[in-house]
Amino acid sequence: MTLLRIYTGKYEKIFVLIALLIIPPLSAGPDVKIRTGIYNNNPKVFVDSSGIPAGFFVDITDEIARQNNFRIEYISGKWADNIRKLEKGELDMLLDVSYTTERAQKFRLNKKFVIESWVQAFSLSSRRVYSIEDFDGKKIAVIENSIQQQYLKNDLMIEFNLNCKIITVPGYREMIRAVQSGEADLFLGDRFFYFSSERPDDMVPSPVVIRPQGLYYAFRKAFDQNIIDRFDSTLLLMQNNGNTAYYRAMNKWFNRDADIIIPLWLKILIAVVPLLAALIALHMIVWNRRLRAAVKRETGKLLKNEKKFESLIRNSGDTFVIIGADGIQKYISPSSEKVTGYTV
């Protein structure tokens, strides 16, 4: 099993507070440049559409740098490439790093984890997995040289006797494409991917919590320990105050509302119903106008015929009398005056 670093909260705080008292003030100014490797793992760390570094880790790092007068130079790359560059000393620091004994030997990790996380499986909603046993016989995508790859290969497959095909890719976007294309059945990622704006609606997490862990900063082996200690002390102060950039960043990046997965047929129905309603309304408006025009036209014909009939009766030499059902005379034509000599 991969060894996890576990710190008791009370003693950790005591350690950092003591460190604050004994560490001399850092005299370094803006000339302290920290070459920092980032990669695409939205919403924790990524480069946005404008080419600007963004995400939870970036906001926290920028605030630590601001308070300590550091200058951060972000360098974007693939995860595996960043690990190699940090080992060679081409980078000073790498964000979003899980602890392993191997990494602790190669690099300097800060003592206070930035945030806690765990490994989670993501798959299409139609092929969701509900247990580690469901991994058996599956094609599983992982990021090359990631903690997920190491843990799947060295721990999960052995402990649970799983027969899996591991597919290594450079990053999260490639893992998404692998699952969508059917090249992979699922991928292992960080739980925070659930909050990512890049997660497709039909890409859902499994309910299985795998390998809870802290996420740290990793520094090159020969990096200044005083600067690393400053990261720890500033981070602790930020985490112990609810009104800091730390919690503002959490609310900003990890506050995505739970998505409701709408079936395709319902989406089509939702789109079609307003269109049908509009067509029916338009049809009724046109039909109503035609009906009004027809009524007006027929009414005109009736009035015309009525006038014609009235003209024929008035000018006729015959006498016309209309008597109602009650025996009362309703109408008598003007010609009756000529016949009877009485005025009508």
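The structure contained in this document is the topic of the report that follows. Throughout this description, residue numbers start from 1 for each chain and increase along the sequence as written. At least 70 in pLDDT is required for a residue's local features to be given in this predicted model, at least 80 for side-chain atom pairs to be given and counted, and no such filter applies to totals for whole chains, interfaces and linings, which use all residues. With hydrogens and water excluded, all non-hydrogen atoms of the structure serve as input to the side-chain values.

## Some remarks on the packing of helix H2 (residues 56-68) against helix H8 (residues 245-253)
At step 1: Angles run from 0 to 180 degrees between N-to-C directions of axes, and those axes are lines fitted to C-alpha atoms, restricted for helices to the stretch in contact. Strands here are runs of E lasting at least two residues and helices are runs of H or I lasting at least four, both read from the DSSP assignment and numbered beginning at the N terminus. Taken N-terminus to C-terminus, the directions of H2 and H8 make an angle of 165°; their axes are 9 Å apart at the nearest point. If you check the angle between H2 and H8, you find them roughly antiparallel. The handedness of the crossing between H2 and H8 comes out as right-handed. Along the contact surface, H2 presents Phe 56, Asp 59, Ile 60 and Glu 63, while H8 presents Ala 245, Tyr 246, Ala 249, Met 250, Lys 252 and Trp 253. These descriptions rest on fixed angle ranges, namely under 35 degrees for roughly parallel, over 145 for roughly antiparallel, 65 to 115 for roughly perpendicular, and the rest for oblique. What makes a crossing left-handed is the near helix being turned counterclockwise from the far one by less than a right angle; a clockwise turn instead makes it right-handed. We call two residues in contact whenever any of their non-hydrogen atoms come within 4.5 Å of each other.

## Let's talk about the packing of helix H7 (residues 225-239) against H8
At step 1: Between H7 and H8, the least distance of the axes is 7 Å, while the angle of their chain directions is 70°. By the angle class used here, H7 and H8 are roughly perpendicular. Across from Leu 235, Met 238 and Gln 239 in H7, the residues of H8 making contact are Ala 245, Tyr 246 and Tyr 247.
At step 2: All residues other than Ala, Val, Leu, Ile, Met, Phe, Trp, Tyr, Cys, Pro, Asp, Glu, Lys and Arg, Gly among them, are scored as polar; the first ten of these are nonpolar and the last four charged. Its residues placed into classes, the contact of H7 with H8 shows five nonpolar, one polar and no charged.

## Remarks on helix H5 (residues 147-159)
At step 1: Across the chain, bend at a residue is computed as the angle between axes fitted to the seven residues ending at that point and the seven starting from it. Most pronounced at Lys 153, the bend in H5 amounts to some 35°.
At step 2: Type-normalised accessible area, obtained with a 1.4 Å probe on protein chains alone, sets the label of each residue: buried when under 20%, exposed when over 50%, and partly exposed for intermediate values. Taken as a whole, H5 has its buried residues at Ile 147, Gln 148, Gln 149, Tyr 151, Leu 152, Asp 155, Leu 156 and Met 157.
At step 3: Backbone geometry just downstream of H5 places Asn 161 in the positive-phi region, at approximately 55°.

## Observations concerning the nonpolar core
At step 1: What we call a nonpolar core is a set of buried Ala, Val, Leu, Ile, Met, Phe, Trp, Tyr and Cys residues that are connected through their side-chain atoms within 4.5 Å. Among the nonpolar cores identified, the biggest contains 63 residues, and Phe 56, Ile 60, Phe 187 and Tyr 217 are the most heavily contacted of them.
At step 2: The dominant element in this core, judged by the number of residues it contributes, is H2, at six residues.
At step 3: Leave out the neighbours within four places in its chain, and Phe 187 touches Gln 120, Ala 121, Phe 122, Ile 140, Ala 141, Tyr 172, Met 175, Ile 176, Val 179, Phe 193 and Met 203.

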